[in-house]
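Topology and contacts: notes
Now for the letters of each chain:
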Amino acid sequence: MKYLLLTMTLLIVLPLILIVFYLFYKAAPVLSLDFLLENPIHGMRAGGIWAPLLGTIYLVLLSLLIAMPVGVFAAVYLNEYAGNSWMTRAVNLAVVNLAGVPSIVHALFGLGAFVLFAGIGRSILAASLTLAIMTLPVIIASTKEALAAVPLSFREACWNVGATRWQTIRHVVLPNSISGILTGIILQVSRAAGETAPVMFTGVVFFKAITPGDPFAYGLLDQCMALSMHLFTVSTQVPDVPEPLTYGTAVVLLGVVLLFNALAILIRIKLRSRKKW
Amino acid sequence: MKPQRQALESLKEWVIERFIWLCGVSAVLFVFGIFIFVFREGADYLFRGFKAGEFFTSIEWYPTSRTHVRYGALALIVGTFSVSLLAMVIAVPFGIGAAIFLSEFCPPRLKETLKIVIELLAAIPSVVWGFIGLTIMNSMLVRLFNAPLGLNMLNGAIILALMSVPIIVSIGEDALKAVPDSYREASLALGCTRWQMIFRVLLPAARNGLLAAVLLGVGRAVGETMAVLMATGHSIRIPHSVLEPVRTLTATIAAELGEAPVHSDHYQVLFIIGILLFTITFVINITADLIVRGIRKEP
């Protein structure tokens, strides 16, 4: 019976390993630096993934720039300022719910609020704002955990020498929890890179030609391509795409996401073993 | 310290504290914002021509018909719930089984590794899952069950199960860990076998947490978009077997929003579906949260 449970656990874990290897195996023929640096050509049936890759980088960085300050300070509020009031309860509930809202509803929200109401139009900016709100709970939750791990005695010592609340946070709490906060930010990056639905109607398009190899090819109010959307396009919308090309796109996307997650996990493990208190 | 400088410092402190407060409540604002803006886009049609009776009871979804436009979403609602239900039938036993294994039997080193792999499993983007369903899983199922060629519900449900299993395992394991060791010791001391202890003591004691884990899994499955869009076959009908294709609420929005002209009736009906989805997941999340909080309060 114990082994039955072990088998069940392994049945959950094994698919991941098999899938990753299978995808790599199928993608192997196209994986090269050229694949990353060339644009899709011939109706996306040949070439590389430069335009979608660059689009994803833009979306991730911009959404991070928006979500990071708001998320970190929201966590500071929840952990350092908020008492046991109905307000705190409401904020906590809101964070839980924000994490549970379906991604397609985020897409509708982004379309209604940023693209149409705010008049930004379908653009990298609108898509990044949508992504930022969608990934906010990830940053809030992990930052909160990192802040809660700083012992109260650190804060008390600081208050006792006359520092204000903010000075304590700025000079004691934040520096001591920086690696934990970093973990959350890395997870946000991996989450934002993989999302498709929220960016689909807010700024990402099927195809856009840009200069290959030029990292500043997109403007803030341009529409862009994205890796996740590109994978959707080449695997369902365009007929007769050569197999290695679709598998290659999947592997690059999966690779980026798993790499960032592995990084976050490594930081966490290192952190746990090096803890001073 | 000069009084001026002190005044400046306390002003700075005040400004920063206001800013932190604003960020804190922003989460609440965003949740309201999502509801308001999605509602706003669909409201006009909701109060003007929306036929709730047709929407919930008819399976005739013909949003672009020239002669007689019909918005019957029953098949989509049934599609969403049948595929989520099937996913849970697969995911719950595996998820709870794995949670029991991790919390009761697993040696610590193996546990660390397994938890990392399960975390990575949760990180795979939904579009990649959809792609896996489309390519690897589907051909496997067609061969295995002799199913008619093409995508089907089982395909989507297995993918959804793999996507929601990590959340069930991690919340379920927390729930089992929260059961005090004294419960385990007491039942073992009374001569229970380990299995009697698990089934008669541990699972009943952790039932609320396990229920919350399952609910969050359901929430994940109902809200999932890209994977079901790509892997369930996308045909509007009430399924009679698990090997038939279905279409879900989320997939319908994703597939049709691009083609519906802004502010047309069709476009607004898609936003009404959005309101429905938001409400469903909102209720699921609040319930799960209340249950989890209830557990924490019990000593």
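The shown structure was predicted, so the numbers you read here are calculated from the model rather than taken from an experiment.

The next point concerns the overall build of chain B. A count of helices and strands for chain B gives 12 helices and two strands. What you see in chain B, going N to C, is helices and strands ordered as α-α-β-β-α-α-α-α-α-α-α-α-α-α. For chain B, the C-alpha atoms occupy an extent of roughly 75 × 70 × 35 Å along the three principal directions. Scored against the burial criterion, the 299 residues of chain B give a buried share of 45%. Once local pairs closer than 6 in sequence are excluded, the contacts in chain B between residues at least 24 apart make up 75%.

Inside soluble globular proteins, nonpolar side chains tend to come together where they are buried. One finds Ala27, Val128, Ile159, Leu160 and Ile168 of chain B to be the most contacted residues of the largest nonpolar core, which totals 183 residues. With 17 residues, helix H3 (residues 50–81) of chain A is the single largest residue contributor to this core. If we ignore the near neighbours within four places in the chain, the residues touching Ile168 of chain B are Ala91, Val92, Gly95, Ile96, Ala213, Val214 and Gly217 of chain B.

Each side of the interface is counted separately: chain A has 64 residues, and chain B has 65 residues. Considering each element in turn, the side of chain A that touches chain B owes the most residues, 12 residues, to helix H1 (residues 2–27) of chain A. Tallied by class, the residues present in the side of chain A that touches chain B amount to 49 nonpolar, 13 polar and two charged.

Before going further, it helps to spend a moment on the packing of helix H11 (residues 243–274) of chain A against helix H4 (residues 108–123) of chain B. Close contact between H11 of chain A and H4 of chain B brings their axes to 10 Å; oriented N to C, the two are set at 140 degrees. Taken together, the axes of H11 of chain A and H4 of chain B lie oblique to each other. Crossing of H11 of chain A against H4 of chain B: the hand is right-handed. Contact with H11 of chain A, carried on its side by Val257, Leu258, Asn261 and Ile265 of chain A, involves Ile116, Glu119, Leu120 and Ala123 of chain B of H4 of chain B and no other residues of that element. Split by residue class, the contact of H11 of chain A with H4 of chain B holds six nonpolar, one polar and one charged.

Another aspect to go through is the confidence of the model for chain B. All names here are of chain B. Averaged over all residues, the pLDDT of chain B equals 87, while 97% of them reach at least 70. Mean pLDDT across the elements of chain B ranges from a minimum in helix H2 (residues 52–57), with 83, to a maximum in helix H3 (residues 74–105), with 92. Across the assembled chains, the prediction reports ipTM 0.89 with pTM 0.89.

Time to look at the confidence of the model for chain A. Should the pLDDT be low somewhere, the predicted coordinates at that spot are not to be read in detail. Confidence in the prediction for chain A averages 87 pLDDT; 99% of positions are at 70 or higher. In the model of chain A, strand S2 (residues 46–47) of chain A stands out as the element of lowest mean pLDDT, 78, in contrast to helix H5 (residues 103–117) of chain A, which has the highest, 92.

Moving on: the environment of Thr67 of chain B. Residue and element names in this part refer to chain B. Here Thr67 is to be found in the loop between strand S1 (61–62) and strand S2 (70–71). Residue classification places Thr67 among the exposed residues on the basis of 5 C-beta atoms within 10 Å. Here the alpha-carbon distance between Thr67 and Ala213, two residues 146 residues apart in the chain, equals 47 Å.

All names here are of chain A. Given a rise of 1.5 Å per residue, 32 residues ought to cover 46 Å, and the 45 Å separating the end C-alpha atoms of H3 matches this to within 8%. At Ala67, H3 shows its largest bend, some 30 degrees, and a proline, Pro69, comes one to four positions later. Burial analysis of H3 places 24 of its 32 residues in the buried class, which makes it a mostly covered element.

For Ser26 of chain B, the location among the structural elements is in helix H1 (residues 3–48). Residue class for Ser26 of chain B comes out buried when judged on the 22 C-beta atoms lying within 10 Å of it. Non-local contacts of Ser26 of chain B, meaning those with residues more than four positions away in its chain, are made with Val70 and Ala74 of chain A.

What counts and how
- Residues numbered from 1 in each chain as written.
- Chains lettered and ligands numbered in written order.
- Predicted model: local features only at pLDDT ≥ 70, side-chain atom pairs only at ≥ 80, totals over all residues.
- Helix = DSSP H or I, 4+ residues; strand = E, 2+ residues; numbered from the N terminus.
- Buried ≥ 20, exposed ≤ 12 C-beta atoms within 10 Å, placed from the backbone.
- Contact = placed C-beta atoms within 7 Å.
- Core = buried A, V, L, I, M, F, W, Y, C linked by C-beta atoms within 7 Å.
- Nonpolar A, V, L, I, M, F, W, Y, C, P; charged D, E, K, R; others polar.
- Axes fitted to C-alpha atoms, helices over the stretch in contact; angles between N-to-C directions.
- Parallel < 35°, antiparallel > 145°, perpendicular 65-115°, else oblique.
- Left-handed = near helix turned anticlockwise from the far one by under 90°.
- pLDDT = per-residue confidence, 0-100.
- Expected span 1.5 Å × (residues − 1).
- Bend = angle between axes of the 7 residues up to and from the residue.

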